[in-house]
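Spelled out, the chains give:
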Amino acid sequence: MIFEPIEIKNHLLTNRIVSAPLASLSSMEDGAPSEKSLEIYKRFAASGVALMMVEHHAINICGRTRPAQFLADSDDVATNHSAISTILKDGGVLCLVQINHAGAKIADPAVFDMEGYRPQSPSGIPVGDNWDKLGRKPEVMTLSEIKKTAEDFINAAVRMVEIAGYDGVQIHASHGYLLGQFLSPLTNRREDEYGGTEAKRARLLYEITDGIRQSLKDIPLSVRLGVADYLTGEKAKGLSTDDTVAVARELANLGVDIIGVTGNLCGFGVDRKDSAYFAPYAERIKSSIGSSALVECSGGIRDAVTADKMLRDDVCDFVGVGRLMLQDPDFVSRWKESC
Ligand SMILES: Cc1cc2nc3c(=O)[nH]c(=O)nc-3n(C[C@H](O)[C@H](O)[C@H](O)COP(=O)(O)O)c2cc1C
């Protein structure tokens, strides 16, 4: 089943393996790829994965989580990013660019040294370990800043397809970044139209998704959705899969082709040693949305037997692989021999 072809928006994919987005920390100061970035993507292009979600690109300066993160905030920088899409397309990989705003999740406090940077968030609630050291708090976004952020997401998507040459777009709404902060009741305490009920907390994500779909009607569009604030086996807190079932359904209604299932405030499971730890969440989302969108599941998928079983058992339509891509990008040919 792993090597069973699948079609998405007129692109025929020869397998169901997706390279999960992997931030390379290799950006130039202006947010464009460096020589090091191109070397990394040449390796990925030769891996044999059919679909790649290309690491998170900040939609504007305030959306950066660290200075070494790619930017998608201008036409000039998008022109330079075409070097990566060309490498991937020449390698036969369908490539979707991941766009993000980090909000209150700061990986490197050096972002404060960047001109124009301000730490924006839904409700001023810090996310991550750096805030105690910083001795300050994130800012609460005004309504006009929220509208501007939606516009910046949409403009970034358009330029990264039309200028940078990506086949499609993935919106990052997970791992506790800005859109995940809006989704979670733990970080979104707003009392206006962007907070309160699950539908209001998801409103910004819906506006961005709808805007991108209206602007780019034929591209493969994905949302990487942080479906819960806690990992499987942990005590439930905050956002749960019960909340995100409705969000996933609405995203499919808005024209999303692939929903990527991962964690939200709990992250992606960096310390987990168990296998396929988001599979129960993906299964729940897939059974709830039916065939209205395809589901991709990542997190601890390290061998062909597990991946194949997930696909056969209707847990998901694609398996996402992250750290294995870094450790052993030749794994696809080994999986093929074993299937
Ligand atoms: C070095 C590194 C960089 C990552 N960068 C991103 C990223 O840019 N966007 C994202 O959504 N997830 C990112 N992730 C999370 C991965 O996409 C994936 O969800 C995670 O590694 C779990 O999958 P795995 O067990 O196959 O590694 C990153 C993970 C690692 C290890």
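What you see is a predicted model, and the numbers here were worked out from it, not measured in a lab.

(A) Quick peek at the pattern of salt bridges. For the coordinates displayed, the defined rule picks out 18 salt bridges. Note that Arg 16 is salt-bridged to Glu 4, the shortest N-O span being 3.6 Å. Taken together, the positions of Arg 16 in the loop between strand 2 (11–13) and strand 3 (17–19) and Glu 4 in the segment before strand 1 (6–8) put the pair 12 residues apart, joining distant regions of the chain. By relative accessible area, Glu 4 is classed as partly exposed at 38%. With a closest N to O distance of 3.3 Å, Glu 39 and Lys 42 form a salt bridge. Taken as a pair, Glu 39 and Lys 42 lie in helix 1 (residues 35–45) at a separation of 3 residues, close to a single helical turn. Looking at Glu 39, the relative accessible area reads 45%, which means it is partly exposed.

(B) Expanded view of the pairing of strand 4 (residues 51–58). Burial of strand 4 is extensive: 8 of the 8 residues sit out of reach of the surface. The sheet contact formed by strand 3 and strand 4 spans 2 bridges and is parallel. Residue pairing across strands places Val 18 opposite Leu 51, the latter belonging to strand 4. Note that strand 4 and strand 5 (residues 94–100) share 7 bridges and pair parallel.

(C) Looking closely at unusual backbone geometry. At Leu 25, a residue that is not glycine, the phi angle is positive and equals roughly 50 degrees. Position of Leu 25 relative to the elements: it lies in the loop between strand 3 and helix 1. Positioned with a positive phi, His 175 is a non-glycine residue whose angle comes to about 55 degrees. Among the secondary structure elements, His 175 is positioned in the loop between strand 8 (168–173) and helix 5 (178–183). Using a relative accessible area of 7% as the deciding quantity, one classes His 175 as buried.

(D) View of the packing of aromatic side chains. A complete count under the given rule lists 8 aromatic pairs for this structure. Relative to Tyr 281, the ring of Tyr 230 has its centre 6.3 Å away and its plane inclined at 80 degrees; by these criteria the two rings are edge-to-face. With Tyr 230 in the loop between strand 9 (221–226) and helix 8 (241–253) and Tyr 281 in helix 9 (residues 279–289), the pair connects residues that are 51 residues apart, well separated along the chain. Residues Tyr 230 and Tyr 281 agree in their burial class; the two are buried. Relative to Tyr 281, the ring of Phe 278 lies with its centre 5.8 Å away and its plane at 35 degrees, an arrangement referred to as tilted. By the burial criterion, Phe 278 is buried, and Tyr 281 matches it. An aromatic cluster is built from Tyr 230, Tyr 277, Phe 278 and Tyr 281, whose rings are joined through pairwise contacts. The ring of Tyr 177 has Lys 105 sitting right over it, with the charged end atom 4.5 Å from the ring centre. Arg 203 extends its terminal NZ or CZ atom over the ring of Tyr 194, reaching a point 5.3 Å from the ring centre.

Calculation rules
Residues numbered from 1 in each chain as written. Predicted model: local features only at pLDDT ≥ 70, side-chain atom pairs only at ≥ 80, totals over all residues. Heavy atoms only, no water. Salt bridge = Lys/Arg side-chain N within 4 Å of Asp/Glu carboxyl O. Helix = DSSP H or I, 4+ residues; strand = E, 2+ residues; numbered from the N terminus. Buried < 20%, exposed > 50% of the residue type's maximum accessible area, 1.4 Å probe, protein only. Pairing = 2+ DSSP bridges. Phe/Tyr/Trp six-rings, centres within 6.5 Å; stacked < 30°, edge-to-face > 60°. Lys NZ or Arg CZ within 6 Å of the ring centre and 35° of its normal.

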